[in-house]
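Tertiary structure, described
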Amino acid sequence: MTQVTMETLEAGGFDGIIKEGAEAFDGDRAPLPCFVHHRDAGGWCERGATMEAYEIPFCEVHGAEIKAGILAEIYHDAGNALEAQAAALVRAYPVAKLEERVDPETSARGHNETTGNAHPVDIFFAARMHTLRLMRLSWSAGQHWMLEVLEEKREGASAQLAFALALRAQKTGEPV
Ligand SMILES: [Zn+2]
């Protein structure tokens, strides 16, 4: 077996990670449910899947969010990517029942507060990007069994990031 290094993984390419339109589900249009189901995401998404990412089915709304994240991770664009992804995040993980699911540190955070801790937006952004990276490395290494496990973690981080973005916007009166 060839030694797996970061370089060989990167060189493995990104083909097939995102499948949309006629490419998705190998052309089979049988309706699959969206995979998103994390507790923080409000449980099972009830929309039908319209695309695949890492061979996992997603609805249009959750698909747009993971696609934005995957592209940012692949192109190492994390620094500039948050603004571009914020709209997809808050749309994918809306705040209707915020008080039930939001991380306590996020709820407690005042917008002018200067604690020694990183802002929840930064914490959950990093968690989401790291998980996306692990998903890509699992994919490249042919370890597909790991993807659904990591996806659930990613959903939790994405939902909490969306809540932190929405709350920060609420507290500062600025748009997300
Ligand atoms: Zn969905």
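The preceding data block contains the structure.
Description of the structure in this document. (Residues numbered from 1 in each chain as written. Predicted model: local features only at pLDDT ≥ 70, side-chain atom pairs only at ≥ 80, totals over all residues.)

All right, on to unusual backbone geometry then. You will see that F25, though not glycine, has its phi angle at about 55°, which is positive. Tracing the sequence through the fold places F25 in the loop between β1 (18–20) and β2 (51–53). (Helix = DSSP H or I, 4+ residues; strand = E, 2+ residues; numbered from the N terminus.)

Moving on, we get to helix α2 (residues 60–74). An ideal rise of 1.5 Å per residue puts 21 Å on 15 residues; α2 measures up with 21 Å between its terminal C-alpha atoms. Along α2, the residues classified as buried are H62, G63, E65, I66, G69, A72 and E73. Residue H76 follows α2 closely and has a positive phi angle near 50°. (Expected span 1.5 Å × (residues − 1). Buried ≥ 20, exposed ≤ 12 C-beta atoms within 10 Å, placed from the backbone.)

Now for the environment of E60. By the element assignment, E60 lies in helix α2. Sequence separation of E60 and E20 is 40 residues, and the distance between their C-alpha atoms is 9.9 Å.

On to the packing of helix α6 (residues 120–140) against helix α7 (residues 147–172), then. Packing of α6 against α7 leaves a shortest axis separation of 8 Å and a crossing angle of 155°. By the angle between their axes, α6 is roughly antiparallel relative to α7. Note on packing geometry: the crossing formed by α6 with α7 is left-handed. Touching P120, V121, F124, F125, A127, R128, T131, L132, L134, M135, S138 and W139 of α6 are L147, L150, E151, K153, R154, A157, S158, Q160, L161, A164, L165 and R168, all from α7. For the contact of α6 with α7, a count of residues per class yields 15 nonpolar, 4 polar and 5 charged. (Axes fitted to C-alpha atoms, helices over the stretch in contact; angles between N-to-C directions. Parallel < 35°, antiparallel > 145°, perpendicular 65-115°, else oblique. Left-handed = near helix turned anticlockwise from the far one by under 90°. Contact = placed C-beta atoms within 7 Å. Nonpolar A, V, L, I, M, F, W, Y, C, P; charged D, E, K, R; others polar.)

With 36 residues, the main nonpolar core has F58, L161, A162 and F163 as its most contacted residues. Looking at this core, the elements that each hand over two or more residues are β2, β3 (56–58), α3 (78–92), α6 and α7. Per element, the largest residue contribution to this core is 10 residues, and it comes from α7. Residues contacting L161, with those up to four places away along its chain left out, are L89, V121, F124, F125 and R128. (Core = buried A, V, L, I, M, F, W, Y, C linked by C-beta atoms within 7 Å.)

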